[in-house]
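Structural features, examined
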2 protein chains.
Amino acid sequence: MSVTVTRSAMSEYEKTCLIRGDGGRAIRGVLDRNGDKRTLLVVATLHGERMRFTELLHRIPGISQRMLTLTLRHLERDGLVGRTAYAEVPPRVEYELTPVGRTLIEPAVTLAEWAIEHNPDIERSHQAYDTRGG
Amino acid sequence: MSVTVTRSAMSEYEKTCLIRGDGGRAIRGVLDRNGDKRTLLVVATLHGERMRFTELLHRIPGISQRMLTLTLRHLERDGLVGRTAYAEVPPRVEYELTPVGRTLIEPAVTLAEWAIEHNPDIERSHQAYDTRGG
DNA sequence: CCGGATCCCCGTTGATACTG
DNA sequence: CAGTATCAACGGGGATCCGG
């Protein structure tokens, strides 16, 4: 594709245009489809390693069994996650990132880095906001 | 902060650990607070430039006035967006990215690039999924 | 008139129970 | 174990109302 973007060469303006243009549509599409944050969390949790349904459930705190199922279905439909069911008793189903799915790790990391780095700022801002604002 | 990560030096495993560890909590916190995709979209749309409420509303297709208001409130509380109300008739309210808010553009761009680059893959995957799967 | 608060309706989510 | 079914609760969208 023609989006071989040399990030460091982009101006801030070009970046934001990218997001507001096709990137915006694409982002919206992807996030709309996937259910936003769960996608990133599932993809990150799954990383290169095959994992069973229950293990995913345990490793992603706060996700409900229902939503994990739905998210995994979406990701499967998106071609980001592969699903393998074994005809055993008790049943065993394993999920794994596809090659395309693995490429999502990079953006997820970037977001994670940002979140870690700026979390203190944000919490401080909350304190200030809640104190004065009421 | 100590998270000056040289991304290229991280193994895939280290990356995913980052996400699943503090990054995961931080990401979840940030996304939970902000309302996920809208945050990225608003931040990107706002970029370095002050903008009025209505203009934001027009520039972000598909967002409701209600959700834009809420998202902006969250972003303000997070300290990512500044709000200025002018005592005029008709009223005018302008929003702008704070310095911290501006740092979110980079991760947003990374996600946008990913979305643009892999959208075709995803759409193709949908076709395949929907065709065979029913 | 603009920004946004409120109200109502509906889709999505979560908790729980049940099944292959 | 890995889901599906069901129902209640919550959150979002849209129309409407309102303060400045």
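Secondary structure assignment for chain A yields 7 helices and 3 strands. Listed by position from the N terminus, the elements making up chain A come as α-α-α-β-α-α-β-β-α-α. Taken across its 134 residues, chain A has 48% of its residues classed as buried.

For the rest of this paragraph, the subject is the pattern of salt bridges. Per the counting criterion, the structure on display carries 14 salt bridges over all chains. We note a salt bridge from A:Arg92 to A:Glu94, for which the minimum N-O separation is 3.2 Å. A salt bridge links B:Arg124 to B:Asp121, with the nearest nitrogen and oxygen atoms 3.4 Å apart. One end of the pair is B:Arg124 and the other is B:Asp121, both in helix H7 (residues 105-133) and 3 residues apart, which spans about a single turn.

When you tally the buried positions in helix H3 (residues 37-46) of chain B, you get 9 out of 10 residues, the bulk of the element. Those residues of H3(B) lying buried are B:Lys37, B:Thr39, B:Leu40, B:Leu41, B:Val42, B:Val43, B:Ala44, B:Thr45 and B:Leu46.

With respect to spatial proximity, 18 residues lie near DNA strand C, and among them A:Arg66, A:Met67, B:Thr54, B:Gln65 and B:Arg83 are the closest. Of everything in DNA strand C that lies within 4 Å of the protein, sugar and phosphate atoms constitute 62%. A:Ser64 places a polar side-chain atom, nitrogen or oxygen, 3.1 Å from a phosphate oxygen of DNA strand C. B:Arg52 is positioned with one of its side-chain polar atoms (N or O) 3.3 Å from a sugar or linking oxygen of DNA strand C. Looking at the surface near DNA strand C, the elements that each hand over two or more residues are helix H5 (65-77) of chain A together with helix H4 (53-59), helix H5 (65-77) and strand S3 (92-97) of chain B.

Attention now moves to the protein's contact with DNA strand D. The environment of DNA strand D is formed by 18 residues, the closest being A:Thr54, A:Arg83, A:Tyr95, B:Met67 and B:Pro91. Within 4 Å of the protein, the contacting atoms of DNA strand D are 62% sugar and phosphate, with bases supplying the remainder. One of the backbone N or O atoms of A:Pro91 is found 3.4 Å from a sugar or linking oxygen in DNA strand D. Those elements that provide at least two residues to the surface near DNA strand D are helix H4 (53-59), H5 and strand S3 (92-97) of chain A together with H5 of chain B. Broken down by element, the surface near DNA strand D gets its largest block of residues, 4 residues, from H5(A). Each residue belonging to the surface near DNA strand D can be placed in one class, and the counts come to 7 nonpolar, 5 polar and 6 charged.

All right, on to the sheet that holds S3(A) then. Residue and element names in this part refer to chain A. Across the sheet, 3 strands lie side by side as S1-S3-S2; this open sheet has antiparallel pairing. Strands with a single pairing partner mark the edges of an open sheet, and in this sheet they are strand S1 (51-52) and strand S2 (81-86). The sheet contact formed by S2 and S3 spans 6 bridges and is antiparallel. Paired with Arg83 across the strands is Tyr95, a residue of S3. Packing of helix H3 (residues 37-46) onto the sheet brings it into contact with S1, S2 and S3, and relative to S3 it is tilted by some 100°. Against the sheet, H5 contacts S2 and S3, and its axis sits at roughly 115° relative to S2.

In this section: the confidence of the model for chain A. All names here are of chain A. When pLDDT is averaged along chain A, the result is 81; 71% of the residues meet or exceed 70. The element-level mean pLDDT for chain A is lowest in helix H2 (residues 22-34), coming to 60, with S3 highest at 97. Across residues 1-7, confidence stays below pLDDT 50; counting only partners more than four residues off in sequence or on other chains, it has 10 contacts.

All names here are of chain B. Put simply, H3 and H5 touch, their axes get as near as 10 Å, and they point 80° apart. Between H3 and H5, the crossing angle belongs to the class labelled roughly perpendicular. From H3, Arg38, Thr39, Val42 and Val43 reach across to H5, where they touch Met67, Leu68, Thr71, Leu72 and Leu75.

This part covers unusual backbone geometry. In most cases, non-glycine residues show a negative phi, while peptide bonds are predominantly trans. The step from A:Val89 to A:Pro90 runs through a cis peptide bond, and the omega angle for that step is 0°. Assignment of secondary structure puts A:Pro90 in the loop between S2 and S3.

A few words now on the pairing of S3(B). Residues and elements named next belong to chain B. Pairing of strand S1 (residues 51-52) with S3, which is carried by 2 bridges, proceeds in the antiparallel orientation. In the sheet register, Met51 faces S3, and the bridge partner there is Tyr95. Counting the residues that bridge the hairpin from strand S2 (residues 81-86) to S3 gives 5 residues.

Take the sheet that holds S3(B) next. Residue and element names in this part refer to chain B. Here 3 strands make up an open sheet; going across it, the order is S1-S3-S2 and the pairing antiparallel. Single-partner strands in this sheet number two, and they are S1 and S2. In this fold H3 packs onto S1, S2 and S3, with an angle of close to 100° to the strand it touches most, S3. Here H5 sits on the sheet in contact with S2 and S3, set at roughly 115° to S2.

Scoring rules and cut-offs
Residues numbered from 1 in each chain as written. Chains lettered and ligands numbered in written order. Predicted model: local features only at pLDDT ≥ 70, side-chain atom pairs only at ≥ 80, totals over all residues. Heavy atoms only, no water. Helix = DSSP H or I, 4+ residues; strand = E, 2+ residues; numbered from the N terminus. Buried < 20%, exposed > 50% of the residue type's maximum accessible area, 1.4 Å probe, protein only. Salt bridge = Lys/Arg side-chain N within 4 Å of Asp/Glu carboxyl O. Near = heavy atom within 4 Å. Polar contact = N/O pair within 3.5 Å; in protein donor to acceptor, adjacent residues only side chain to side chain. Nonpolar A, V, L, I, M, F, W, Y, C, P; charged D, E, K, R; others polar. Pairing = 2+ DSSP bridges. Contact = heavy atoms within 4.5 Å. Axes fitted to C-alpha atoms, helices over the stretch in contact; angles between N-to-C directions. pLDDT = per-residue confidence, 0-100. Parallel < 35°, antiparallel > 145°, perpendicular 65-115°, else oblique.

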